[in-house]
Structures are given as structure tokens and as C-alpha cells.
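Chain residues, written in single-letter form:
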Amino acid sequence: MRVTKVETFKFWVDWCNWLLVRVSTDEGLVGWGEGSLHGATGAVETNIHELGAMLVGQDPAGPEQHWQRLYHAWRWRGGATAMTALAALDIALWDLEGKRLGVPVHRLLGGAQREKLKVYASHWLSGVREPELALEGAREAIRRGYHGFKFIPVTYEGLRDDEAGEIRRATELMAAAREGAGPDAEIYIECSEFLSPRTAIMLDEAFRPYRPAWFEEPIPYENAAAMVALQQRITTPIATGERLLTRFEFRELLERGGCRIVQPDLMHAGGITEVRKIASLADTYYVPVAPHNPTGPICCAAAMHLAASIPNFLVLEQMEDQRASRDRASTPPIRLEDGHFLLPDGPGLGIEPDIEALMANPYRPQPGRQRRGSLWR
């Protein structure tokens, strides 16, 4: 078997672009990958075709050997666009390997340790600023079968203009969400890097009675030492890592205890091959893995296979608002029951994208984030 072609397809879905990759072979088998970086889509696509040219004519067997060859192909390795391109190709090669051997990807990773994967509803309560709406929204998440959800209780503008008032309003939202969700559901707090170490400590103290499951990226991710110092001062577990791209970038954070949950993104951190190593590294520090997963169907399926096969899996993100779009775009749809993904059991990733269905959603430029200035005081 030889690779004959590497193709890309990009579509606008709800609020972002999905960038899918198809690796074709001379025996008719194809592998699907995904590299949906939220921004710089054209740069990722260019990287995919440059790296993909090195696969054409090669036997696709053995994703690890191809990963090593492509990662070291250029003198300047790493970076978000290059690692996302590598991830897309890596996922496609794992899909091809499973199809060639007639087994699911999780079998290639050592076998499934679980066939049901706990998920939480992500980007929940979006735009909600009234406690009454937070109460009802939390109840709705539970009615849908979820055992947890993630929301953003603070805004950049609120903290900038009225810090004390914004933390008070956020606490009122959190109290209402806890009442609506009940005592046992998990409430994951997305901080979006809006906080400083000082305001993170304030929010931790205010939220403590309502048992937040984590603070996700409370401060910018670049400074591992600052994250370490913050985790030592707050009770709430820090979850971070969606923008870290290799095991080398996770090393200092884990060695120094800078977080209690890691969140590598298979679509950006080098795909299945590299995130598997990140999970193993985290396991040596007894740190669980909650993969970042704001993706289309292909990367979501890849995350499921990896999550099923690692011992330190915690929970998987589910973009509830995109579920209908994702299900229309994949065959078969990813199964979700009682707050759990059901692991696909077909060869490879076990799903195929419906390119024709996605053609109705042409690519459009990704708008940039509008935040200006700094709150790091």
C-alpha cells in the first residue's frame, strides 16, 4: 500500500472553521484527520500540503515512524500551525492503520480500558449574566443527561471596569448554577486567561462554597512558574494545556505541580502519537487527562479512542451547541448516552465525514479576538 494523495477540505461551522484532511492510497483505503486551528487556517493548510508531500509514495503503515520523520523534517520545528498540520496527518495515518488491519484505533493503542467516556457540556450558559437564567440552564444540562458542564462566569470587560462587582456577580451566577445542577454535578469554570494571580485567588475564595471542579487557564499559559505559584495558593484545581503543543512544554508544569488536570488538544499537540506520550508523562505525576475537544467529528473520534486507552483519563469536552452540526457531518454520528460518549467499534476511527453535507458551509475567515490591554495587575 502506498499513499497517493493528501487533500484538504475546510468548512465554516457555527463559529469556527473545520479543516479536514484525507490521505488516499493506491488500494482504495483513505484515512481522515483534522487540523481545525481557530485562526491561521490557511497557514495550517499550507503546512499540511508541504508535510503531506513527504508521505506520497510511502507505505502509510506505522504512524509513529512517520510522526518522527515529519516532526524533524524542518530545522524550525514546532509552533501551532506546524503541530496542528502534523496532528491532522497523524490522526489520518492512525485511521488508515486501523482500517488496513480491520481494528479500531483504540486496539492499536493497547485496547480500551473503558467503552463509555464521561463528557461534560462545554460553552454552556453562554452569554448568561442573570442568576435566574444560570439556574435554569444548569437544570437543562442535567435534564439532557450530563453530569457536568463548563461555563465562563466572568468577562474581561467586567473585570476591567468593576473588578469587585464582577466577582460578586460571578459568585451569584455560580451559586445559582450550583443550585440548579445539584450537589453532585461537576461545574467546570472556564477562565479564558481573564484573571491575574491576585483576582484568581479572590475568585477561588468566593467560589469555594460551591465546589468548582476546576479553573481552566485562570492566567496566561506561557509562564509555568506563575501557574505553579498560583496552584499552591488556591484550593480549586487548575486545568490547563490546550495551547501546549508537545510533551516538552508540559514537562515543567508537571514537574513543579503547576496544575492538577492537563488538557492537551489532539488536534494541535501533534495528534494521537504525541498526546499519548503527554498522557504517559502526566501519569507519572498522578495527574489526570481531560482532553481539550472543541472539534469537528474526526478529532472528536480520535480523542475518544485515546481517552479509552489511557489509564488517567478524567472527562472529555463536548461542544453541545455544535452537536447537531457535527452529527449531520459524520457517518455514523457519534453516540452520546446519559452523559457519556460510546466508543466507536468500527475499523480505524469508526466514523467518516460527510463532505457533501458540509459543502453547504463554505470556508470564511476566522475573526480575531478583540480583547485589548492587560488585566495582569
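Anyway, here's the lowdown on the structure attached to this text. Everything quoted here is computed from the prediction, not taken from an experiment.

Looking at where Glu186 falls in the secondary structure, it is placed in strand β6 (residues 186–190). Among the polar contacts made by the side chain of Glu186, one reaches the side chain of Arg211 at a distance of 3.0 Å. Ignoring sequence-local partners within four residues, the contact set of Glu186 consists of Lys118, His147, Gly148, Phe149, Arg211 and Ala213.

Attention now goes to the packing of aromatic side chains. In total, this model carries eight aromatic pairs according to the counting rule given. For the pair Tyr188 and Trp214, a centre-to-centre distance of 4.3 Å together with 50° between the ring planes defines the contact as tilted. With a gap of 26 residues between them, Tyr188 in strand β6 and Trp214 in strand β7 (residues 214–216) connect regions that are remote in the sequence. When sorted by exposure, Tyr188 lands in the same class as Trp214, which is buried. Among the aromatic side chains, those forming a connected cluster through ring pairs are Tyr120, Tyr188 and Trp214.

Left-over empty space is what a probe sized like a water molecule reveals as it rolls over the atoms. Scanning the entire structure with this criterion turns up two cavities of 30 Å³ or more. The calculated volume of the largest cavity comes to roughly 80 Å³. Lining the largest cavity are Asn47, Leu51, Leu70, Tyr71, Ala73, Trp74, Arg77, Gly78, Ala82, Met83 and Leu86. Among the elements that make up the lining of the largest cavity, the one with the highest residue count is helix α3 (residues 80–101) (three residues). Tallied by class, residues from the lining of the largest cavity come to eight nonpolar, two polar and one charged.

Here we come to the packing of helix α1 (residues 41–52) against α3. Following both chains from N to C, one finds α1 and α3 inclined at 55°, their axes separated by 8 Å at the closest point. Relative to α3, the element α1 is oriented oblique. Relative to α3, α1 is oriented so that their crossing is right-handed. For the pair α1 and α3, the contacting residues are Ala43, Val44, Asn47, Ile48, Leu51 and Gly52 in the first and Thr81, Ala82, Thr84, Ala85, Leu86, Ala88 and Leu89 in the second. Residues of the contact of α1 with α3, tallied by class, amount to nine nonpolar, four polar and no charged.

Moving on to the pattern of salt bridges. All told, the structure shown has 29 salt bridges when counted by the stated rule. We note a salt bridge from Arg160 to Asp161, for which the minimum N-O separation is 2.9 Å. For Arg211, the salt bridge is made with Glu186, and the minimal N-O distance between the two is 3.0 Å. Separated by 25 residues along the polypeptide, Arg211 in the loop between α8 (197–207) and β7 and Glu186 in strand β6 bring together distant segments of the chain. Among the residues examined, Arg211 registers a relative accessible area of 36% and is labelled partly exposed. Via salt bridges that share partners, Glu136, Glu140, Arg143, Arg144, Glu320 and Arg323 belong to a single interconnected network.

Here we take up the nonpolar core. Core analysis: the biggest nonpolar cluster contains 89 residues, and Phe149, Phe151, Ile272 and Phe341 have the highest contact counts within it. Here Phe149 is in contact with Tyr120, Ala121, Trp124, Leu125, Ala138, Ala141, Ala177, Ala181, Glu186, Ile187 and Tyr188, once residues within four sequence places are set aside. Among the nonpolar cores identified, the runner-up in size contains 22 residues, and Leu19, Ala85, Ala88 and Leu96 belong to it.

Cut-offs applied
Residues numbered from 1 in each chain as written. Predicted model: local features only at pLDDT ≥ 70, side-chain atom pairs only at ≥ 80, totals over all residues. Heavy atoms only, no water. Helix = DSSP H or I, 4+ residues; strand = E, 2+ residues; numbered from the N terminus. Polar contact = N/O pair within 3.5 Å; in protein donor to acceptor, adjacent residues only side chain to side chain. Contact = heavy atoms within 4.5 Å. Phe/Tyr/Trp six-rings, centres within 6.5 Å; stacked < 30°, edge-to-face > 60°. Buried < 20%, exposed > 50% of the residue type's maximum accessible area, 1.4 Å probe, protein only. 1 Å grid on protein atoms, 1.4 Å probe; cavity = no way out; pocket = protein on both sides within 12 Å on 5 of 7 lines; lining within 4 Å. Points joined across faces, edges and corners; volume = space filled by probe spheres on them. Nonpolar A, V, L, I, M, F, W, Y, C, P; charged D, E, K, R; others polar. Axes fitted to C-alpha atoms, helices over the stretch in contact; angles between N-to-C directions. Parallel < 35°, antiparallel > 145°, perpendicular 65-115°, else oblique. Left-handed = near helix turned anticlockwise from the far one by under 90°. Salt bridge = Lys/Arg side-chain N within 4 Å of Asp/Glu carboxyl O. Core = buried A, V, L, I, M, F, W, Y, C linked by side-chain atoms within 4.5 Å.

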